[in-house]
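One letter stands for each residue in the lines below.
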Amino acid sequence: MIKKEIAHIRKQFKLDHEMLKLYDILNVYIMKDSSEIYHFERQPFAMLDREKQELYMGNFKKLLTGELDQKLFELKFQEAEEDVKDPSRVLLHQGLVTGDPDEWHDLMMLLVDKMLADTRYAKDMVVTFVRGQYFRPTKKRSEESEESGKDEVFANPFILCSVNSTEEQRKSLMFDYVEREFKYNVIVDPIIKLSAPEQGFFYPSVTDGYSDVNRVLYCSGRANEPNPHFIDQILNAEKTVTAQEERTIFEEIVKEVAGDQLDAATIAQVYEEIHQVIESHENEEEPPTLDFKEVERVLSVSGVENVTEEKVEQAFRTVVDDRNYEIKANSVLPKFTSKSIKINTKVATISVSPQDLKYVKQVNYQGKRCILIEIDEDAVIEGFTLNTETL
């Protein structure tokens, strides 16, 4: 699953969108103290008030928002399921293909039972399931075509789950216009935080434009903080590695090969090479990866000295204990055109983009370490243009 696939699906979650149909919605309220189901209800999505529909649409879109391997993780289901009661792969697939709302309801409640096992929640929680289908064109008509009507479309059924926490409403003082008096207002009904889902999933994932029932898209509420218990025990999916963890792995491998100190120009060239790898695989379904041979090439052409394939291979063995490990290139590279790199010093924090890192140097001036930044224009501080000094 790639960014454009997720973006296409996310864009469909609008009221009255002709490329999206939502059939049933199921809400389950879980008490924090006992982790027991307090209430549940299922109804056709179309029967909800329009205001509620808008809130849920915002929730679903928020759940599917974020970067891959940071907030969104495409996961494979675990292969060995003999010891797992009610494997989620089976429950979700049955829920996907059934046309019976009652059967779908029962299958989703089995998933809720898995969420309650060995889990205590700090707040009351609401688990929302929705089933529907979205449509995507199978082919585009050429502008010269005389065919009329819409492009041919293909229906993709799906199940989406959002887990949301609740919060108590604040006590407040209000003014009654009718009675013309100030009143102390206490509302005991909790607020469901639909604008900030804790986690959830979208099933099935998408591969090359087609539904992939062997994978699920897990959605985390916080970047680089997937819930391992939810992934393993509830989704029965394989463990994932976050982009942050991948970046740390890459950094440790480079340190094993080149040492702790590199100049900014070399780091900039490393990022430039990785950026080219990503661009060259831009239209491919699978994200580009860096094995030990590719890392050796990147470091060599970037000017790192004494780099050999054997040295990099050994670094892979040392850091991840696997010479065949492949690092996702997108996880290693900070956002290339934005100021995504922070240079932290005691005096100031400098933000710079990877493509502009080559203009930054650390130099020794009169026995003191200084950051030197090459610029094309005058620097302006609080409206004042700085004088240019010749050193």
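The structure presented is a predicted model; accordingly, all values stated were derived computationally and were not measured. (Residues numbered from 1 in each chain as written. Predicted model: local features only at pLDDT ≥ 70, side-chain atom pairs only at ≥ 80, totals over all residues. Heavy atoms only, no water.)

So, on to helix α8 (residues 292-301). Within α8 the residues assigned to the buried category are Phe292, Val295, Glu296, Val298 and Leu299. One side of α8 carries all its buried residues, which in axial view fall inside an arc of 165°. Taken together, the buried residues of α8 touch α6 (243-258), α7 (264-280), β13 (289-290) and α9 (309-320). (Buried < 20%, exposed > 50% of the residue type's maximum accessible area, 1.4 Å probe, protein only. Helix = DSSP H or I, 4+ residues; strand = E, 2+ residues; numbered from the N terminus. Arc of directions from axis to C-beta. Contact = heavy atoms within 4.5 Å.)

Tallied over the full model, the rule gives 14 aromatic pairs. With 6.3 Å between their ring centres and 70° between their planes, phenylalanine 154 and tyrosine 210 make a pair best called edge-to-face. Residue phenylalanine 154 is found in strand β5 (residues 153-167), and its partner tyrosine 210 is found in strand β11 (residues 210-212); the two are separated by 56 residues along the sequence. An aromatic cluster is built from Phe13, Tyr56, Phe60, Tyr134, Phe158 and Phe202, whose rings are joined through pairwise contacts. Here the basic side chain of arginine 131 rests over the ring of tryptophan 104, its NZ or CZ set 5.8 Å away from the ring centre. (Phe/Tyr/Trp six-rings, centres within 6.5 Å; stacked < 30°, edge-to-face > 60°. Lys NZ or Arg CZ within 6 Å of the ring centre and 35° of its normal.)

In this section: the confidence of the model for the protein chain. Residues at a pLDDT of 70 or more form 95% of the protein chain, whose mean pLDDT is 90. Put simply, strand β7 (residues 181-185) is where the protein chain has its lowest mean pLDDT, 85, and strand β9 (residues 199-203) is where it has its highest, 97. Under a pLDDT of 50 for its full length, residues 141-149 has, in the predicted model, four contacts with residues more than four places off or in other chains. (pLDDT = per-residue confidence, 0-100.)

Of all five residues making up β9, five are buried, and the element is well covered by its neighbours. Every second residue of β9 is oriented toward a common face, with Gln199, Phe201 and Tyr203 on one face and Gly200 and Phe202 on the other, all of them buried. Here β5 pairs with β9 via five bridges, running antiparallel. Paired with isoleucine 159 across the two strands is tyrosine 203, which belongs to β9. Looking at chain direction, β9 and strand β12 (residues 215-220) are connected through four bridges and run antiparallel. Bridging from a neighbouring strand, glycine 200 pairs with cysteine 219 of β12. (Pairing = 2+ DSSP bridges.)

Time to look at the packing of helix α3 (residues 88-97) against helix α4 (residues 101-116). A packed helix pair is summarised by two numbers, namely the angle formed by the two axes and the spacing between the axes. In the contact formed by α3 and α4, the axes pass within 9 Å of each other and the chain directions differ by 155°. One element, α3, and the other, α4, form an angle in the roughly antiparallel class. Like other packed secondary-structure pairs, α3 and α4 cross with a definite hand, here left-handed. Contact residues: α3 offers Ser88, Leu91, Leu92, Gln94 and Gly95, while α4 offers Trp104, Leu107, Met108, Leu110, Leu111 and Lys114. Considering only residue class, the contact of α3 with α4 consists of seven nonpolar, three polar and one charged. (Axes fitted to C-alpha atoms, helices over the stretch in contact; angles between N-to-C directions. Parallel < 35°, antiparallel > 145°, perpendicular 65-115°, else oblique. Left-handed = near helix turned anticlockwise from the far one by under 90°. Nonpolar A, V, L, I, M, F, W, Y, C, P; charged D, E, K, R; others polar.)

Per the domain assignment, the segments making up the protein chain are domain 1 (3-139 + 153-238), domain 2 (244-332) and domain 3 (341-385). The straight-line distance from the C-alpha centre of domain 1 to that of domain 2 is 37 Å. The partner domain 2 presents four residues to the six residues of domain 1 that form the contact. Of the roughly 470 Å² buried where domain 1 meets domain 2, counting both sides, 28% is carbon and sulfur surface. (Domains from an automatic or database assignment. Buried area = accessible area lost by both parts, 1.4 Å probe.)

Moving on to α6. A rise of 1.5 Å per residue sets the reference length of α6, with its 16 residues, at 22 Å; its end C-alpha atoms lie 22 Å apart and thus fit the reference within 8%. All of the buried residues along α6 are Ala243, Glu246, Ile249, Phe250, Ile253, Val254 and Val257. In a view along the axis of α6, the buried residues occupy a sector of 130°, so they form one face of it. Packing partners of the buried residues in α6 comprise α7, β13, α8, α9, β14 (327-328) and α10 (329-332). (Expected span 1.5 Å × (residues − 1).)

The next point concerns the side chain of glutamine 53. Mapped onto the elements, glutamine 53 comes out in helix α2 (residues 50-63). What glutamine 53 contacts, discounting residues up to four positions off in sequence, is Leu15, Phe45, Ala46 and Leu48.

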